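Each chain, written out:
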Amino acid sequence: MIPLVDLTAQYHSIKDEIDAAVLATLESGHFILGPQVTKFEESVASYLGVRHAVGLASGTDALVIAMRALNIGAGDEVIIPAYTFFATAGAVMTVGATPVFVDIDPQSYQIDVMKIRQAITPKTKAIIPVHLYGHPAEMDPILEIARERKLKVIEDNAQGFGAEYKGKKTATFGDIGSLSFFPTKNLGAFGDAGMAVTNDAALAERMRMLRTHGWKKKYYSEELGYNSRIDALQAAILQVKLPHTDSWNRKRRELAHRYSEKLASKLVVPVEREWGKHVYHLYIARSAKREALQAFLKQRGIASEVYYPLPPHLSIPCRKFGYKEGDFPHAEQASRETFALPLYPELTHTQQDEIIAAVLDAERVA
Ligand SMILES: *Cc1c(COP(=O)(O)O)cnc(C)c1O
């Protein structure tokens, strides 16, 4: 069986380093915040080229806390792409704001920057581009619209760790960038973990307050906050993994290019815009015969998965906003036709050749 991702393969490739870091943390007695968390925050800030990093419990919390720090809440609208993981929409609703969806560019799967302006109303407070699948969203037009209409920008960089737009790391363009270290992400912890990054010292300070019950001074809550910190244990693990990320992303890119070269005649393969560096969190292909293809791959012992079968605007929690099928045709078509093939840095060429052969065979039988 070839899985979609193999987390144990990565662990075994750096087991001694990870085990030592875990044991050292257990011996340190620091489990909530403390030196290990500070060190990892500094390392990520320096890797991305951003001034401040605030370690949080998850990527979802990073979005929620970013919006709270920017004073986004009830009565506000936030523009997000119509095709993304539900958490982007869910976080907007969690702070009491309303998500306003914008359809995607069907080739890059990123928010269609030509359709953002028409979604802006007097209530719009922010835009959250999502660097979906590890391909950057087109930041220049987004930042220009935001400047012109005085909107905040939060980059949902959960899937784009290490990706670049015009040579600069994603998550560093907007007011705040949110990161997820969910185990399957390009930089993944051994549990939930997240982070928010910013160049604005006041926003960083506000997010540090929000992650610990709204405290500046211990036990003196100044506003309603959360209990949302990255675990010291996860920070220690991620500290070990961070220096490997570039080589893992290179491996992802190499494997993705290999897939595309061999499958472009049979499937719609992912694009990489000339201004972007794709880090292939997921290798997403497209076929009108997706279901038959997936069933065939399964028979051959090859996993595949749909990200995502339901665009957020058609989800139950979003029903109250009155969206209906047909509102965002490109997002909806992507949800019917796209699927991910196995991709992780430890996938071998032998395994990949087996997957490629199966896809080509499947096309023959279908
Ligand atoms: C994974 C993900 C999140 C949420 O991250 P968690 O750490 O799982 O809370 C948010 N947005 C996108 C696009 C994601 O892929």
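Residues numbered from 1 in each chain as written. Predicted model: local features only at pLDDT ≥ 70, side-chain atom pairs only at ≥ 80, totals over all residues. Heavy atoms only, no water.

### Focus on the side chain of Q159
Structurally, Q159 is set in the loop between β5 (152-156) and β6 (164-165). Within the local environment of Q159, its side chain forms a polar contact with the side chain of Y308, the two groups lying 2.9 Å apart. Residues within four places of Q159 in sequence aside, it is in contact with H131, L132, Y133, G134, N186, V279, H281, L282 and Y308. (Helix = DSSP H or I, 4+ residues; strand = E, 2+ residues; numbered from the N terminus. Polar contact = N/O pair within 3.5 Å; in protein donor to acceptor, adjacent residues only side chain to side chain. Contact = heavy atoms within 4.5 Å.)

### Concerning the site of the ligand
Around the ligand there are 15 residues in total, and G59, T60, D156, S180 and K185 lie nearest to it. In the model, an oxygen atom of the ligand is placed 2.7 Å from a nitrogen or oxygen of the S180 side chain. Between the ligand and the protein, one listed contact pairs an oxygen atom with a side-chain N or O atom of K185 at 3.1 Å. About the coverage of the ligand: the protein hides 94% of its 380 Å² of free accessible area. For the shell around the ligand, the secondary structure elements donating two or more residues are α4 (59-69) and α5 (86-94). Of the residues contributing to the shell around the ligand, the split by class is 6 nonpolar, 7 polar and 2 charged. (Near = heavy atom within 4 Å. Areas by Shrake-Rupley, 256 points an atom, 1.4 Å probe, with all protein chains shown as cover. Nonpolar A, V, L, I, M, F, W, Y, C, P; charged D, E, K, R; others polar.)

### Re the domain arrangement of the protein chain
Here the protein chain is described as being made up of domain 1 (7-243) and domain 2 (244-365). Spacing between the C-alpha centres of domain 1 and domain 2 amounts to 24 Å. Between domain 1 and domain 2, the contact holds 48 residues from the first and 38 residues from the second. Across the domain 1/domain 2 interface, buried area totals approximately 3800 Å², and carbon plus sulfur atoms make up 60% of it. Inspection of the region where domain 1 meets domain 2 yields 1 salt bridge. Across the salt bridge formed by R273 and D105, the nearest N and O atoms sit 2.8 Å from each other. Where domain 1 meets domain 2, there are 29 residue pairs in polar contact (both at pLDDT 80 or more). Broken down by element, the side of domain 1 that touches domain 2 gets its largest block of residues, 5 residues, from strand β3 (residues 98-102). (Domains from an automatic or database assignment. Buried area = accessible area lost by both parts, 1.4 Å probe. Salt bridge = Lys/Arg side-chain N within 4 Å of Asp/Glu carboxyl O.)

### Regarding the environment of A24
With respect to the helices and strands, the residue A24 is situated in helix α2 (residues 15-28). Residue classification places A24 among the partly exposed positions, given a relative accessible area of 47%. It is 39 Å that separates the C-alpha atoms of A24 and K166, two residues lying 142 residues apart in sequence. (Buried < 20%, exposed > 50% of the residue type's maximum accessible area, 1.4 Å probe, protein only.)

### Examining the packing of helix α3 (residues 35-48) against helix α8 (residues 232-241)
For the pair α3 and α8, the least separation of the axes is 8 Å and the interaxial angle reads 40 degrees. Considering their axes alone, α3 and α8 lie oblique with respect to each other. With respect to the hand of their crossing, α3 and α8 are arranged in left-handed fashion. Residues Q36, V37, K39, F40 and S43 of α3 touch α8, and the partners they reach there are A232, A235, A236, L238 and Q239. (Axes fitted to C-alpha atoms, helices over the stretch in contact; angles between N-to-C directions. Parallel < 35°, antiparallel > 145°, perpendicular 65-115°, else oblique. Left-handed = near helix turned anticlockwise from the far one by under 90°.)

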